[in-house]
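Descriptive structure summary
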Amino acid sequence: MRLPAALTAFSSCPVLGGCVGSGEDNQCPGAVAVQKRIDCHPQPGASQEACEARGCIWCATDVANAPWCFFPEDSPYGYSVGGNTVKTTKGWRVALNKRQALSLFGNDISPVMLEVEFQTKDRLRFRLYDPNRQRFEVPLKIDSPGITADEANYEVELSDDSSHFRIKRKSTGTVLWDSPLVDLFFSNQYLQITTAVPSTSVYGFGEHEHTSFKHSMDFVTYGMYSRDQAPTPSANLYGVHPFYMCVESDSNAHGVLLLNSNAQDVSLSPNPSLTFRTIGGILDFYIFLGPTPENVVQQYTEAIGRPHMPAYWSLGFHLSRWGYGSLDVLRETVDRMRHYDIPYDVQHYDIDYMERRLDFTYDKVNYAGLPEFLQQMKKEGKHNVVILDPFITKDEEPGTYRPYELGQEMGVWVNNSDGVTPAVGKAWPPGESVFPDYTNPRTVEWWTQMCLEFKDVLDYDGIWIDMNEPSNFLRGQYPGCTANDINNPPYIPSISDHSLSEKTLCPDSKTYLGEHYNTHSLFGWSQTEPTFNAVQQATGKRAFVLSRSTFVGSGKHGGHWLGDNFSQWKDLRYSIIGILEFNLFGIPYIGADICGFNYNTTYELCLRWMQLGSFYPFSRNHNAEGNSEQDPAAFGKEFAKISRDTLRIRYSLLPYLYTLFFEAHVHGNTVVRSLMHEFTTDEQTHGIDTAFLWGPAFMIAPVLEEGLKVPSTWKKNYATVAAPLNKIPLFIRGGYILPQQAPATTTTKSRLNAFGLIIALDEQGEASGSLFWDDGDSIDTIEKENYFLAKYTFSKGNLKTEIVKNGYQGADTLKYNKVTILGLKLRPHAIAMNGRAIHGDAFSFELSGARDEVLHTGIVLDSMKATEGLLRLLRKDVSRKSRSTIIAIGLGTFDRGYVVTEGMGGYGRCLVG
């Protein structure tokens, strides 16, 4: 496999595009350069006649995906400034008037108000809205304190001739947003705005199966509209995240959110530019100034809501299957996991546990004894997650199905266009189904009551909410969607089937907040918070909620998995892109179905996927009904051993992962991030998406191709690494300290074990890190300050521990029994702890394959109980000078190009590069 060895002195990446020529196209007088074309006929069926009737230019080109119908430079469309700017308490606003009567889709609105808010020094909001009529706006509360303009790190301006709206970075003058007002459209059911972007390093937009983390700008269009659809490249999937991040040419980064829940699409063009189109609501944009990628995500989550703090047990390995079919089969699976001693914390229960797939029931024939089984799992230190779907059958015998009858009594359903009768569709349960409207407060009451009652039936620890796009097996509800502009708008964005009702409800259905046309993509988002609150109320513990459909801000109350993927090598690779993107979206608790959901897996694919999936933030093996068993104990002894060894590495590093989630919850950090995040100035990292980081310090570089053990080629700044089937290359970055803990088969047991530290020194012999710890599942331990937080620094031969917070009641039981210091240039001849000498038999010293010094101490450090702990190495020079490259036990550094591929079990070391 191909791995980055040195992350400096990279050559510049070529500019994307591939468009020919510049200026006017010689074959088409008056035409703009191909790379600057903006589609004037974005819906299917463009023709020269239709194009020219719109006042646009028709010009064929052999550039793939480039529009043949496009706006001329002197476009007859758009808006112009209609008066003076008016100062407001938070910024300014100005009216825009439509320039001409010509219209793309009719019902144009004029005037339109452009309003700018200076919200924080690094965040501004601008929105375009109808000042004369209220239109739908996403009900996501974003605090807007407002600042004076001279405090801001940005400048906002209308160009001298009032033809462009621009936002600049004050420190560099880089134009972050540049919208020509002639490219602005604002009609009742069609809104469009175009902006230039300062570079082609653009990331984000979801939810899709993207084939690269850094987007192609070669006339690519992504539709966004929540949809029950297995991952397919570029197709709109389960959630909607109209957010992107752009790394500017000088390595500063900024982010942009379009807060709009209507069906929409965005086109990426090689100019480079972006064109946003939506069919409702308003154009409501937020700009985040960074300037680092991590700053962008921190500022974004400050606005939309910080990620929730997961329970510690939820960071263990999860096992699931749709189609165990019976409790006996499930018992056999659990027994063989136990037989091979594979770490395993959480069992999921898919719809086959239900009686005839009815929510809030269980199958008392095939799953007889299920309540007792859940209790036994709990006694073994495991946890249980049950699935619930958002549709409720209406066709059970009267008096036999409380969820429907109570919901009917409380009036909680999504209604037909009359606003009175419930919308009726078809889904998993027998008969016909109705759909709860979670934007309705009464529905929240009903859902909470049902979840609390179900806790008395099955003693669950968390809830998995599926099919909440919402999914419906019909095109609209019975008897079909009425022919009107709501159900069939004049423009339908680039979504699957070009239909707003395929596999869901009719857009003119009514919810508490308004028409489904506006609220469709908010369905899963609106279900997540009430489920989160219901689980906390039911369990009295920190909530676990896993949602398939997500929207902006969903990470505050739940995690996500990447949906019904396939047991194919491409899905293995694309899963990395998905987890990187959802960390940008503020949903760091993210993973993909390990070994694939659809189709039968293979031994090698599943093994490589278990290795990769062991380092997903949410690590779950799951597959579909009718497929072969694929749990890590199903393939025999050798497969089980490799899976066990890899999962033990994960479990040993859970204190580090948990600390990253603390930083995400408090500061909005990413948990998983790309190399671009940490090495932004190295342009070659901008396109790397085959490896990823936990935080800043730990890199996972999995094998992603069948039969690949050693790459066939070498490239500059890359190292070739042997990665046989039993190895996954893992790396520690010099300059960091990682807390660890001896692994066990569950986190319930591993949390009782002693801690350790891996101290990986940089070239200056320094390192730093931290450890967050609490009881693992109590509610609001951070807000109540019932936690322990230590900061570690190593410098000049001294390891210093600073206790930042000592509010965890169990802190007296916390011990370190192992400290590993990597990359010493000088051999220590004595060690002292808080001024007391440590006897020589308490530590050992080794030479690594890189001729560096590796120190292991087996002493017990009680520094967690003290206000400060100090471990000091008294060193003497050795006869030879060694390089300060760091080789970790079982791991390796990625800032120097040395790799260790031994598993956790043997702690072997190997130098390559």
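The structure displayed is predicted, hence computed values, not measured ones. (Residues numbered from 1 in each chain as written. Predicted model: local features only at pLDDT ≥ 70, side-chain atom pairs only at ≥ 80, totals over all residues. Heavy atoms only, no water.)

With that settled, the discussion passes to helix H3 (residues 327-339). If you check H3, its first and last C-alpha atoms are 18 Å apart, about what 13 residues at 1.5 Å a residue would give, namely 18 Å. By the burial criterion, the buried members of H3 are Leu327, Leu330, Thr333, Val334, Arg336 and Met337. Looking one or two residues past H3, Asp341 carries a phi angle of roughly 60 degrees, positive in sign. (Helix = DSSP H or I, 4+ residues; strand = E, 2+ residues; numbered from the N terminus. Expected span 1.5 Å × (residues − 1). Buried < 20%, exposed > 50% of the residue type's maximum accessible area, 1.4 Å probe, protein only.)

Core analysis: the largest hydrophobic core is formed by 232 residues, its most contacted members being Phe165, Trp177, Tyr353 and Trp694. In this view, Trp694 contacts Phe615, Arg650, Leu653, Tyr656, Leu657, Leu660, Val671, Val672 and Ile700; residues no more than four positions away in its chain are not counted. (Core = buried A, V, L, I, M, F, W, Y, C linked by side-chain atoms within 4.5 Å. Contact = heavy atoms within 4.5 Å.)

With that out of the way, let us pick up empty space enclosed by the protein. Under the defined criterion, the tally for this structure stands at 11 cavities of 30 Å³ or more. Of the voids in this model, the largest cavity is the one considered here, and its volume is about 150 Å³. Lining the largest cavity we find 15 residues, and of these His208, Glu209, Pro231, Leu562 and Tyr574 sit closest to its centre. (1 Å grid on protein atoms, 1.4 Å probe; cavity = no way out; pocket = protein on both sides within 12 Å on 5 of 7 lines; lining within 4 Å. Points joined across faces, edges and corners; volume = space filled by probe spheres on them.)

Another aspect to go through is unusual backbone geometry. Across the junction of Ser110 and Pro111, the peptide omega takes the value 5 degrees, indicating a cis bond. Along the chain, Pro111 falls in the loop between strand S6 (91-98) and strand S7 (112-120). Note the cis peptide between Asn271 and Pro272, where omega equals 0 degrees. Positionally, Pro272 belongs in the loop between strand S18 (264-269) and strand S19 (273-278). Even without glycine at this site, Phe219 takes up a positive phi of about 55 degrees. Mapped onto the secondary structure, Phe219 falls in the loop between strand S14 (201-206) and strand S15 (220-224).

Let us now look at the state of the cysteines. Within the structure shown, the criterion is met by 4 disulfides. Two residues, Cys51 and Cys69, share a disulfide whose sulfurs are 2.2 Å apart. Torsion about the S-S bond of the Cys51 and Cys69 cystine: about 95 degrees, corresponding to right-handed handedness. Taken together, the residues Cys51 in helix H1 (residues 48-53) and Cys69 in strand S3 (residues 69-70) connect sequence positions 18 residues apart. Taking relative accessible area as the criterion, Cys51 reaches 0% and is therefore assigned buried. Each disulfide pairs two cysteine sulfurs, and for Cys481 the partner residue is Cys506, the sulfurs being separated by 2.0 Å. Taking the sign of the torsion about the S-S bond as the criterion, the disulfide between Cys481 and Cys506, at about -95 degrees, is left-handed. On the criterion of sequence distance, the pair formed by Cys481 in the loop between strand S27 (462-465) and strand S28 (510-511) and Cys506 in the loop between S27 and S28 is long-range, its members being 25 residues apart. The class of Cys481 is partly exposed, set by a relative accessible area of 27%. (Disulfide = S-S within 2.5 Å.)

Turning our eyes to something else, we now look at the sheet that holds strand S24 (residues 392-393). Spatial strand order, S24-S26-S25: 3 strands in an open sheet with antiparallel pairing. Bordering the open sheet on either side are S24 and strand S25 (424-425), each of which pairs with just one other strand. In this structure, S25 lies alongside strand S26 (residues 433-434), joined through 2 bridges in antiparallel fashion. Pairing of Gly425 across the sheet is with Ser433, part of S26. (Pairing = 2+ DSSP bridges.)

Sheet architecture is open: 4 strands sit in the order S35-S36-S37-S39, paired in antiparallel fashion. Because the sheet does not close on itself, it has two edges, and the strands there are strand S35 (672-673) and strand S39 (730-732). In this sheet, strand S37 (residues 698-700) lies alongside strand S36 (residues 692-694) in antiparallel orientation, the contact comprising 3 bridges. Within S37, the residue paired with Trp694 across the bridge is Phe698.

Following the sequence through the fold, Tyr340 ends up in the loop between H3 and strand S22 (346-349). Spatially, the C-alpha atom of Tyr340 lies 6.4 Å from that of Ala640, the residues being 300 residues apart in sequence. Ignoring any residue separated from it by four or fewer positions in sequence, one finds Tyr340 in contact with Ala633, Gly636, Lys637, Ala640 and Arg644.

Axis separation between helix H11 (residues 637-652) and helix H12 (residues 654-667) bottoms out at 5 Å; the angle between their running directions is 50 degrees. Overall, the two elements H11 and H12 adopt an arrangement that is oblique. In contact with Arg650, Tyr651 and Ser652 of H11, H12 contributes Leu654, Pro655 and Leu657. (Axes fitted to C-alpha atoms, helices over the stretch in contact; angles between N-to-C directions. Parallel < 35°, antiparallel > 145°, perpendicular 65-115°, else oblique.)

Once that is clear, we can look at the confidence of the model for the chain. Summarising the model, the chain shows a mean pLDDT of 90, and 89% of its residues fall at 70 or more. Confidence drops under a pLDDT of 50 for residues 1-26, and excluding neighbours within four residues, the segment shows 87 contacts in the predicted structure. Confidence drops under a pLDDT of 50 for residues 861-868, and excluding neighbours within four residues, the segment shows 30 contacts in the predicted structure. (pLDDT = per-residue confidence, 0-100.)

Okay, H11 next. Between the first and last C-alpha of H11 there are 22 Å, a value that for 16 residues agrees with the 22 Å anticipated at 1.5 Å per step. Within H11, 12 of the 16 residues are buried, which leaves the element mostly enclosed by the surrounding structure. Within the sequence span of H11, burial applies to Phe639, Ala640, Ile642, Ser643, Arg644, Asp645, Thr646, Leu647, Ile649, Arg650, Tyr651 and Ser652.

Now for the pattern of salt bridges. Evaluated as defined, the whole model comprises 47 salt bridges. Among the salt bridges present, the one from Arg573 reaches Asp689, with a minimum N-O distance of 2.8 Å. Remark: Asp689 occurs in the loop between helix H13 (675-678) and S36 and Arg573 occurs in helix H9 (residues 569-584); sequence separation between them is 116 residues. Take Arg573: its relative accessible area is 24%, and that puts it in the partly exposed class. When salt bridges that share partners are traced, they join Asp228, Asp466, Glu469, Lys503, Arg548 and Asp564 into one network. (Salt bridge = Lys/Arg side-chain N within 4 Å of Asp/Glu carboxyl O.)

Turning to the environment of Glu151, a few remarks are in order. Within the secondary structure, Glu151 is located in the loop between strand S8 (123-129) and strand S9 (154-158). Taking the relative accessible area as the measure of exposure, Glu151 reaches 46% and is therefore partly exposed. When the C-alpha atoms of Glu151 and Asp122 are compared, they prove to be 9.3 Å apart, with 29 residues separating the residues in sequence.

The next thing to look at is the side chain of His516. Tracing the chain through its elements places His516 in helix H7 (residues 516-519). Residue classification places His516 among the buried residues on the basis of a relative accessible area of 1%.

Empty space among the atoms becomes visible once a probe the size of a water molecule is rolled across them. Approximately 540 Å³ is the volume attributed to the largest pocket. Along the walls of the largest pocket sit 23 residues, with Leu140, Lys141, Trp525, Glu529 and Lys556 positioned nearest its centre. Of all elements in the fold, only helix H2 (293-304) and helix H8 (523-539) reach the threshold of two or more residues within the lining of the largest pocket. Ranked by residues supplied to the lining of the largest pocket, first place goes to H8 with 5 residues. The residue makeup of the lining of the largest pocket, split by class, is 9 nonpolar, 8 polar and 6 charged. (Nonpolar A, V, L, I, M, F, W, Y, C, P; charged D, E, K, R; others polar.)

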